[in-house]
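# Tertiary structure, described
Single-letter residue listing:
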Amino acid sequence: MRDSNCTRCRLSAGCAKVCDILRGQERSEIMVIGETPDARGNNGRIRALLSRHGIHNPYFASAVNCEPPRGKKPTEAQIKSCRLYVFKQIRKIKPKFVLLMGNAAIFSIKSMKGINKARGRPFEHRGIIYLPTWTPGYIFYDPATEATIDRDIKLFADIIAAGEIPREKKLHYTLVDTKKKLMRMLAKLRGEVAFDIETTGLFPWQRHSRVTALVFAIRGKQWVIPGHHRESPWYDFEEVVAMIDRRIRKRNVRLITHNGKFDYLWMKVHFNVDWQKFAYFDTMIAHYLLDENSNHGLKRLAQVYLGAPDWDVDRETKVDGPMKELSFYAAHDGYYTLQLKHVFAMMLRNEPGVRQVFHRIMMPVVRLFVQIEFNGVYVDVSQFKKAELELDRRIIEAEKKLAECTAKVKDFPEDFNWGSPPQVADLLYNRLKLPVVERTEKGNPSVSESVLMRTDHPLARALIEFRGAKQQRSFFIEGWKPYLVNSWLHPSFKLHGTVTGRLSCENPNLQQVPRDGFIRSLITAPPGWEFIEADLSQIELRIAAELARSKSLIKVFTSGGDAHWLTALTEIQRGRGKKKEVLFTGKALAGKPVKYNEAIRLMLKAGPDACIDILPAWKELRKKAKAVNFGYLYGMWWKKFKIYARDNYGVDVDDEQAQESRTNFFELYPELESWHRRQKNTARTQGYVTSLSGRRRRLPHALLSEDTPQRREAERQAINSPVQGFANELNLMVAIQMSEEYGIDKVRLCGTVHDSIIFLVKKKYVPQVYRRVLQIMRRPKLMDELNIHMKVPIEGEAKIGPWSKGVTLERWQSQQASKVVTFSSLAKRASSRSQRSGLQIAA
DNA sequence: TACTCTAGCGCG
DNA sequence: AAAGCGCGCTAGAGTA
């Protein structure tokens, strides 16, 4: 079979043993194909993996039979030329089952690229069943891959045992294509029902997008109802939905979904039904709470928890394929969603704290965010267009400056791209011979803003301006355009987007709009409404104070103070710094000259706002302290503080000063250190930490016996996660309560940004809602219901008006008053005109 | 042609 | 010895 004189490809030239095909095991019906001879189990790893599942002595082959040079992978051409031998072996051995390990193996058989798409999905070819999986070589680089390979090998063993690709036996689905079948289904819709839909896309507002099928599943039975699909028998699918809707309402069905926010939102947008109100259990969210570190895809979970076979079909089938295949796929989704519900409900029972977060916070959040995403945010389109022109202007101006800077550079390329970091690096460090100050993670010379700020060249400034304008344009102008539906954006919130319990946001990401207001203020209220942002002030610091039981922090908060201000003033007081400014402000506050310490005391008492009014420079100081507070609070070391001070304030702090600043911080808040120790110990002993709500943050790396960077990282996460996560949960509690207390005729929530909620209020309810949201923020009722009690008071702030340009209620009311005056005078003039012309003005 | 990675930067 | 945490989006460049 082998040809030791093979010269079909270049590999044979530099290879010790040409065409290294083994003999033996030639009667096996099981074959394993690896990448190269080295991967053929001679290290024992594959054998060990296989024998774990009772597979002994298979026939080993490989995609290429000459070992490539160290560190080199065989090329496609080489695999193709070696394919001959692979096929020869298959013909001779006549295996029934073949395990394909790695990219090269699957390419050899199928000429198909992308192991990740094929992995774990058995296929049949000329009477042989193939199963692709990863190459075991990956285990060496990432131990986590072993579990996946192991699962695939288990599936392989199952295939061998069954003699065929396993199909789910309990799947009994009906394609609901007649009225009779529909009526029979409706009769059975009661209690817990899994629900899923198939669609032509991901964005329900997309033109021509359709819901192609609905799926319902109860124990032992699934139904697939063709929707807007070319094979659908329903000429009036809306009526079918209405019938189901009536049944769901009447029976108060408990709907079970996997990422139901998606399905409910589509149903609301396309059929105007509010099925999210019946959302009872979401398996994706449940799994997110049970294991925040892994993926939450339905297919993976079904494989892991239920040993399910892979039922995925290709994208075209899923999007708009034949109903026969689409329904097969859809029925599996429904079936496994219901099965997973049972598994996760059981697991949640073992973790009561997590279960409480699931039912009392996250499921209401699912229901709420269907409405929030449906509402969307309003964009002032005429301002949007103006902003685009302004950014264009800035870009052109910056380009002009850059051109001036490079006019003298000889053979400056025509097509130079200022947006390309490698090209800029080449210009700065090779052509202009500027010194390399910093390198990127990969070791390339860095051209980041931090570096440019320290670069003494007129080019640097212009480049920063260019990048700023360019980025804003592509992020927020070009980036938003595809998502603008009339004047509305509908960002999608990922409820499972972070490991800490925060939400993330995408398409577009509302949570990263620059705060300077240039873009932010484009988001505002439509006529008749007001835009309000309400945020929980210094919430993370308050939670940290509570958890650490920090005396000084608790004192600041109970006396209505500002912790960032306290840090700032304590820091300058220690070195008796800013003497002139302190004495000046103290004098203004007291109305007479005071001594330094007395002035500090007065400034502390008066708070930052009053002091900033007297001397605007205090604003910078507080901002600086804020960042320092967060940094040290979460384990920042003094070296990073130095970098921070340099990049943000252009202050070069020496090592000693930096170390002192950290020491001072923990002297001011000594309990923070012991709290840090407690969190680290908890994580190290039990492998997870718990937040005030009962949510868990699992940190397996904290269990490592050695003090590695990985363990250090886990320890810092043990400090940060319960604070960050709970802050967001508080925010969600407020959002939930707001939506419960006000109908959408009064208040429309648009989104949350970690510690704030943004919403629209019908104009005449503004004062009432404004006051109420601040009340709720002080004490959301869910806190009491979940028996969570905090010593530290919670406070909120709210602003009315375009985002980032809002004002307090007092200011807003006085503005309204003046508007009414001008309006009524206008109306008077208009009415006298209209009387003259015989017109009447509508009230 | 389409995907993945890197650098850089916006937010809390 | 080495040390804030958590995200998403874009362009450019590399890879299959």
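This section reports on the structure supplied with the text. (Residues numbered from 1 in each chain as written. Chains lettered and ligands numbered in written order. Predicted model: local features only at pLDDT ≥ 70, side-chain atom pairs only at ≥ 80, totals over all residues. Heavy atoms only, no water.)

## Thoughts on the overall build of chain A
Per the secondary structure count, chain A includes 31 helices and 22 strands. In terms of overall dimensions, chain A has C-alpha extents of about 100 × 75 × 60 Å along its principal axes. Here chain A holds 843 residues, and the buried ones make up 51% of them. Across chain A, every contact between residues at least 6 apart in sequence was considered, and the portion connecting residues at least 24 apart equals 68%. Per element, the accessible surface of chain A, about 41,800 Å² overall, is 50% carbon and sulfur. Placing the 137 positive and 93 negative side-chain charges of chain A at their respective mean positions leaves the two points 3 Å apart. (Helix = DSSP H or I, 4+ residues; strand = E, 2+ residues; numbered from the N terminus. Buried < 20%, exposed > 50% of the residue type's maximum accessible area, 1.4 Å probe, protein only. Contact = heavy atoms within 4.5 Å. Areas by Shrake-Rupley, 256 points an atom, 1.4 Å probe, with all protein chains shown as cover. Lys, Arg positive; Asp, Glu negative; His and termini not counted. Charge placed at Lys NZ, Arg CZ, Asp CG, Glu CD.)

## Some remarks on the environment of Pro 445
In this fold, Pro 445 is placed in the loop between helix H16 (421-431) and helix H17 (449-453). Under the relative-accessibility criterion, Pro 445 is labelled partly exposed at 25%. Between the C-alpha atom of Pro 445 and that of Asp 415, which follows or precedes it by 30 residues, the distance is 21 Å. Here Pro 445 is in contact with Ala 425, Tyr 429, Val 436, Glu 438, Arg 439 and Thr 440, once residues within four sequence places are set aside.

## Notes on the nonpolar core
Grouped together as the largest cluster of nonpolar side chains are 196 residues, with contacts concentrated most on Leu 214, Phe 216, Ile 244, Trp 275, Met 738 and Phe 759. Counting residues in each nonpolar core, the second largest holds 31 residues, with Cys 66, Ile 79, Val 98 and Tyr 130 among its members. (Core = buried A, V, L, I, M, F, W, Y, C linked by side-chain atoms within 4.5 Å.)

## Section: the packing of helix H21 (residues 563-574) against helix H23 (residues 596-614)
Remark: H21 packs on H23, axes separated minimally by 10 Å, with the N-to-C direction vectors making an angle of 155°. Comparing their axes, H23 and H21 come out roughly antiparallel. Crossing hand, H21 versus H23: right-handed. On the side of H21, the interface is formed by Trp 565, Leu 566, Leu 569, Ile 572 and Gln 573, while H23 contributes Tyr 596, Asn 597, Ile 600, Met 603, Leu 604, Gly 607, Pro 608 and Cys 611. Across the contact of H21 with H23, the residue classes tally to 10 nonpolar, 3 polar and no charged. (Axes fitted to C-alpha atoms, helices over the stretch in contact; angles between N-to-C directions. Parallel < 35°, antiparallel > 145°, perpendicular 65-115°, else oblique. Left-handed = near helix turned anticlockwise from the far one by under 90°. Nonpolar A, V, L, I, M, F, W, Y, C, P; charged D, E, K, R; others polar.)

## Regarding the packing of aromatic side chains
A complete count under the given rule lists 29 aromatic pairs for this structure. Taking 5.3 Å as the distance between ring centres and 75° as the angle between the ring planes, the aromatic pair formed by Phe 195 and Trp 275 counts as edge-to-face. Taken together, the residues span a long stretch of sequence, with Phe 195 in strand S7 (residues 192-199) and Trp 275 in the loop between helix H9 (260-271) and strand S11 (279-282) at a distance of 80 residues. Exposure remark for Trp 275: the relative accessible area of 0% places this residue in the buried category. Between the aromatic rings of Phe 203 and Tyr 483, the centroid separation amounts to 5.9 Å while the plane-to-plane angle is 85°, which identifies the pairing as edge-to-face. A residue pair is termed long-range when its members are at least 10 positions apart, and Phe 203 in the loop between S7 and strand S8 (211-218) and Tyr 483 in the loop between helix H18 (458-478) and strand S13 (488-489) qualify at 280 residues. Residue classification places Tyr 483 among the partly exposed residues on the basis of a relative accessible area of 23%. Among the aromatic residues, those joined into a cluster by ring pairs are Tyr 632, Phe 641, Phe 665, Phe 666 and Tyr 669. Above the plane of the ring of Phe 374 lies Lys 268, whose end atom (NZ or CZ) is 4.4 Å from the centre. (Phe/Tyr/Trp six-rings, centres within 6.5 Å; stacked < 30°, edge-to-face > 60°. Lys NZ or Arg CZ within 6 Å of the ring centre and 35° of its normal.)

## Things to note about the protein's contact with DNA strand B
Close to DNA strand B lie 22 residues, the nearest being Thr 440, Lys 442, Val 447, Arg 515 and Asp 755. The sugar and phosphate moieties of DNA strand B supply 81% of its atoms located within 4 Å of the protein. Taking Gln 511, its main chain carries an N or O atom lying 3.4 Å from a sugar or linking oxygen of DNA strand B. Within the contact set of DNA strand B, a base nitrogen lies 3.1 Å away from a side-chain nitrogen or oxygen of Gln 724. Of the residues forming the surface near DNA strand B, the biggest block, 3 residues, is contributed by H18. Along the lines of polarity and charge, the residues of the surface near DNA strand B split into 5 nonpolar, 9 polar and 8 charged. (Near = heavy atom within 4 Å. Polar contact = N/O pair within 3.5 Å; in protein donor to acceptor, adjacent residues only side chain to side chain.)

## Topic: a negative patch on the surface
A cluster of like negative charges, contributed by Glu 571, Asp 654, Glu 656 and Glu 660, occupies part of the molecular surface. For Asp 654, the position within the fold is in the loop between helix H25 (638-649) and helix H26 (655-668). Since its relative accessible area comes to 41%, Asp 654 is described here as partly exposed. (Patch = residues over 30% accessible without salt bridge, like charges linked within 9 Å, V, L, I, M, F, W, Y side chains within 5 Å. Salt bridge = Lys/Arg side-chain N within 4 Å of Asp/Glu carboxyl O.)

## Focus: the environment of Phe 60
Relative to the elements of secondary structure, Phe 60 occurs in strand S2 (residues 59-62). What makes Phe 60 buried here is its relative accessible area of 5%. Here the alpha-carbon distance between Phe 60 and Ile 30, two residues 30 residues apart in the chain, equals 8.8 Å.

## Some words on the side chain of Asp 562
For Asp 562, the location among the structural elements is in the loop between helix H20 (551-558) and H21. Judged by relative accessible area, Asp 562 falls into the buried class, the value being 12%. Separated by 2.9 Å, the side chain of Asp 562 and the backbone nitrogen of His 564 make a polar contact. Of the polar contacts made by the side chain of Asp 562, one reaches the side chain of Arg 622; its length is 2.9 Å. Those residues in contact with Asp 562 that lie beyond four places of it in its chain are Gln 538, Val 556, Pro 608 and Arg 622.

## Looking at the sheet that holds strand S4 (residues 123-125)
Reading across the sheet, the 5 strands line up as S2-S1-S3-S5-S4 and stay open at both edges, with mixed pairing between neighbours. With one partner strand each, in any of the chains shown, S2 and S4 form the two edges of the open sheet. Each adjacent strand pair in this sheet contributes to an overall mean axis angle of 25°, direction not counted. One ladder, built from 4 bridges, connects strand S1 (residues 30-34) with S2; its direction is parallel. Counterpart to Gly 34 in the pairing with S2 is Ser 62. (Pairing = 2+ DSSP bridges.)

Any functional reading would require information that these geometric values do not contain.
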